[in-house]
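One-letter residues, chain by chain:
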Amino acid sequence: MPHQISVFMENRPGKLERVTDLLADQGINIRAITITDSGDFGILKLLVNDPGKACDILTGNGLVAVLKEVVAIRVIDSPGGLRDIGATLTRHRINIDDAYGFVLRSGQSAVFVIQVINPEEVEVILKNEGFSLLGEKDLYQL
Amino acid sequence: MKYWSEEIETMSRSEIEALQLKRLKTTLARAAHSPFYRELFRKNSINPEDIRSTEDLTYLPFTRKNDLRLSYPRGFLAVKEDEVVRMHASSGTTGQSTVIYHTAHDLNEWTDLVTRSLVVAGAGEKDVFQNMMSYGLFTGGLGLHYGAERLGMMVIPIGGGNTHRQIEFFRDFKTSVIHITPSYALHVSDVIKDMGLGPVDFNLRLMIFGAEPYSEATRDKLEASFRVRAFNCYGLTEMNGPGVAFECRQSEGMHVWEDNYLVEIIDPATGQPAGPGEIGEVVFTTLNREAMPLIRYRTRDLAQLFPETECPCGRNFRRLSRILGRTDDMLIVRGVNVFPSQIEHVLMKLPEVGTNYQIILNRVDNLDRMTIRVEIYGKMFHGEARELRLLRKKIQHELKEQILLSTEIELMEPGALPPSQGKAKRVFDNREI
C-alpha cells in the first residue's frame, strides 16, 4: 500500500524551500504535492519515490513528519472518469478525509489519491469493484 | 543522615521564636552601623532597643530593591571593609546591580544552611554532585558548591551550558545529584532523547531546582523524564542565595530556615500582613548576618506561607509554597492579573506540546491581545491539519479556564523557539501604553 508523507510547517517564507532542499539533496523525487493552510501553520502532503527514506531525512533534520497509508486509484483521463469512483465510494458509504489527484499522461490516465480511515478495507472494496489500484512500487516508479 | 544541625532543626516553635527574637535584636543593633539604616532609624525616630517582640518588627519600614540600588556600592555595609571576605551581586538587568557583602561568619552560616538543605533532600557524602548553575557573582553556583563540599559529596563545578558535555559527565562520573534550573532541565531532557540516551544510562537520583518559578506539572514531567526525585530550593542573592527555604521529602512546601530568616507575607498593594495562608509578597529579615543585615526586605516573589507548623519530617520551621510568580512578572491583560506560571502549568499538562513556549502581548485597536507560541511534540503528530486545529482549540479552552482570557495559539515546529538555558525569557510584552 502506498504511503504519503505529511509534514507540519509553520506558515512563513522559506519553509517549503527547506523541505524541498532536503529532499532534492538526497535524490528524492516528488510525484505529487498538496498544502493545506490553517492560518499560522500548514500541512504539506507529498508522494515521493522513496517515502521511508524521505520521512527519515525530514525528521532527522528536526521537522515534524509522518508516513500515512493512502489508496491510489488509476482513473481514465476523460470526462466522467472520477464520477465512477465517487459513485462506488458513496455506495459503500466510505468517507474521504482528504484527496488529491494528478494526471499521468494527458488524455490517457490520471491518479486519484484518497485518505480514508481504513485504507486496507477500501482497497479490497475498490479492487472487487474492478478499479485498478496502484501499489507502492507502481506509484513511485511512474 | 536525618539532620545536619539537629539541635536547631528539632527546635519547638517557642524555641525557634525565642532564638528569632534574640537574633533580631542583634541584627537591628548591627544594622544601625550601616549608613542606610542609621539614616532610616534617625529619620523615623526608631530606637532598635524598643523592639520587644518579633511582631514589633512591623513598625519598621520595608527595605526595597531600589534602596539597595541607590545605596550602591557600600551604603548597607555594617562592618569594616576589612572584615568582608566576599561579595556577590545580582545581575543588574533591570538597573544598577545590587551588591551583597559577607564576612567569614556569614559565609560559614550560609554554607551550613545549604548543607542542611541537601541533607533534607536525602543527599549524602557518597553522592556525586554536578552543579549546573553559573558560577561567579550569581549565588546559585558558589552557594551550592560549598554546601555540597561540606557534606562531603564529590562536587563537579561544571557550571551552566555545554549540554552534551553535561550529559557525558552524568555518565562518566556517575553523577547522582544535580543542581539546575527547571528550564535548563527541560532542555537537557530533550538533548538526552536526541542523543538516544535515557535514565538507565545514568546514576541520577536527586535533582535540586532553583532560580526560577515553574509549575508542579513541569516537576512531574521532569521527575518522570529523568527518573529522579526533584526538590525545590529557594533563595535570593539579597538573602545570601540558595538555602533560604528548602523542600523536605513530604514535598509540601519549603521549610524556611527561620533560625536565619524572619519571614512575612504581605499584600503587595497595601504592605499590610496577608491573612493566614493567603498569597502575597514574601518579605525577609536576615537574623544571622554580620556584614549586611537587611530588615523587612521585599523580595517581589509571590507565595503563601502554610499556617501549620508541624511537619512529619520533624522540623517545626514554617513552610513556604512554591513561588507562584513575581510581583513584577504579573501581567495585566485586559484588566486581568495573569502570571506566566499559570500558563506554563496548562501547557505542561498537554502531552502534545513540547517544553518551550513564549507569551507575546500586543495591543491591537486599543485591545490587548495575548498570543502563546508552543512547539508541537513530533511524536504526537499524525499528519492532519484537523487534529492540530483541535489541539489549538483545546489549549485555548484550557487556558481560558485557568486565566479567564481568550488567547491566540501559534503552533511551532520543535526547536523553533530558542532553547532555554539558564533563566528563560518567555514573555514579550510589545504593548505601547
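Residue positions within a chain follow its written sequence, with the count starting from 1. As a convention, the first chain written is A and the first ligand written is 1, with the rest following in written order. Residues qualify for local features only when their pLDDT is at least 70, as the model is predicted, and side-chain atom pairs are given and counted only at 80 or more; totals for whole chains, interfaces and linings, by contrast, use all residues. Calculated side-chain values reflect all of the structure's heavy atoms, with hydrogen atoms and water omitted.

A. Looking closely at empty space enclosed by the protein. Residue and element names in this part refer to chain B. Buriedness for pockets is judged along seven lines, at least five of which must meet protein on both sides within 12 Å for an open set on the 1 Å grid over protein atoms alone, while cavities are sets there where a 1.4 Å probe fits but cannot get out, and lining residues have an atom within 4 Å of a point. Grid points are joined across faces, edges and corners, and a volume is the space filled by probe spheres set on the points. Under the definition given, this model contains three cavities of 30 Å³ or more. Of the volumes computed, that of the largest cavity is approximately 70 Å³. Surrounding the largest cavity, Asp-106, Glu-109, Trp-110, Asn-240, Asn-260, Tyr-261, Thr-286, Leu-287, Asn-288 and Arg-289 form its lining. Top contributing element to the lining of the largest cavity by residue count: helix α5 (residues 104–121), with three residues. Numbering of helices and strands runs from the N terminus; a helix is a DSSP stretch of H or I covering at least four residues, while a strand is a stretch of E covering at least two.

B. Representation of the sheet that holds strand β5 (residues 71–76) of chain A within the structure. All names here are of chain A. The strand order across the open sheet built from three strands is β5-β7-β6, with neighbouring strands paired in antiparallel fashion. Every interior strand has two partners, whereas the edge strands, β5 and β6 (98–105), have only one. Within this sheet the neighbouring strands show an average axis-to-axis angle of 25°, counted without direction. If DSSP finds at least two bridges between two strands, the strands pair. The pairing of β5 with strand β7 (residues 109–115) spans six bridges and is classified as antiparallel. Its bridge partner being in β7, Arg-74 is matched across the sheet by Val-111. Contacts: residue pairs with any heavy atoms within 4.5 Å of one another. Only C-alpha atoms enter the line fits that serve as axes; for helices the fit covers just the stretch in contact. Angles between N-to-C directions range over 0 to 180 degrees. Across the sheet, helix α3 (residues 81–91) lies against β5 and β7, angled at about 135° from β5, the strand it touches most.

C. Spotlight on the domain arrangement of chain A. Residue and element names in this part refer to chain A. Just so you know, the domain bounds were taken from an automatic or database domain assignment. Along its sequence, chain A is carved into domain 1 (3–69) and domain 2 (71–140). For domain 1 versus domain 2, the separation of C-alpha centres amounts to 23 Å. Counting residues at the interface gives twelve residues for domain 1, matched by ten residues for domain 2. Accessible area, probed at 1.4 Å, shrinks when two parts are joined; the buried area is that loss added up over both. A buried area of about 1100 Å², summed over both sides, lies between domain 1 and domain 2, and 52% of it is on carbon and sulfur atoms. Taken as a group, Arg-31, Leu-47 and Glu-69 account for 41% of the area that domain 1 buries against domain 2, more than any other trio of residues on that side. Should a side-chain nitrogen of Lys or Arg be within 4 Å of a carboxyl oxygen of Asp or Glu, the pair is scored as a salt bridge. Run the count over domain 1 and domain 2 and you get one salt bridge. In this structure, Asp-98 engages Lys-45 in a salt bridge whose closest nitrogen and oxygen atoms are separated by 2.6 Å.

D. The arrangement of the nonpolar core in detail. Residues and elements named next belong to chain B. Definition used in this section: a nonpolar core is a set of buried Ala, Val, Leu, Ile, Met, Phe, Trp, Tyr and Cys residues joined via side-chain atoms within 4.5 Å. Burial classification: accessible surface area is computed with a 1.4 Å probe over protein chains only, and a residue below 20% of its type maximum counts as buried, one above 50% as exposed, and the rest as partly exposed. Counting 71 residues, the largest nonpolar core has Tyr-37, Leu-118, Tyr-234, Phe-284 and Leu-320 as its most contacted members. Ranked by the residues each element gives to this core, the list is headed by α5, at eight residues. If we skip the residues at most four places from it in the chain, Tyr-37 touches Ala-31, Thr-63, Phe-76, Pro-293, Leu-294 and Ile-295.

E. Representation of the interface of chain A and chain B in the model. Contacts between the two partners involve 22 residues from chain A, matched on the other side by 18 residues from chain B. Around 1500 Å² of area is buried between chain A and chain B when both sides are counted, 54% of it from carbon and sulfur atoms. Interface area lost by chain A to chain B is led by Phe-8, Asp-40 and Val-64 of chain A, which between them contribute 32%. A salt bridge links Lys-15 of chain A to Glu-413 of chain B; its shortest N-O distance comes to 3.5 Å. When contributions to the side of chain A that touches chain B are tallied by element, the ones reaching two or more residues are β1 (3–10), β2 (30–37), β3 (41–48) and β4 (64–69) of chain A. Per element, the largest residue contribution to the side of chain A that touches chain B is five residues, and it comes from β1 of chain A. Asp, Glu, Lys and Arg are counted as charged, while Ala, Val, Leu, Ile, Met, Phe, Trp, Tyr, Cys and Pro are counted as nonpolar; the rest, among them Gly, fall into the polar class. Taken together, the residues of the side of chain A that touches chain B break down into nine nonpolar, five polar and eight charged.

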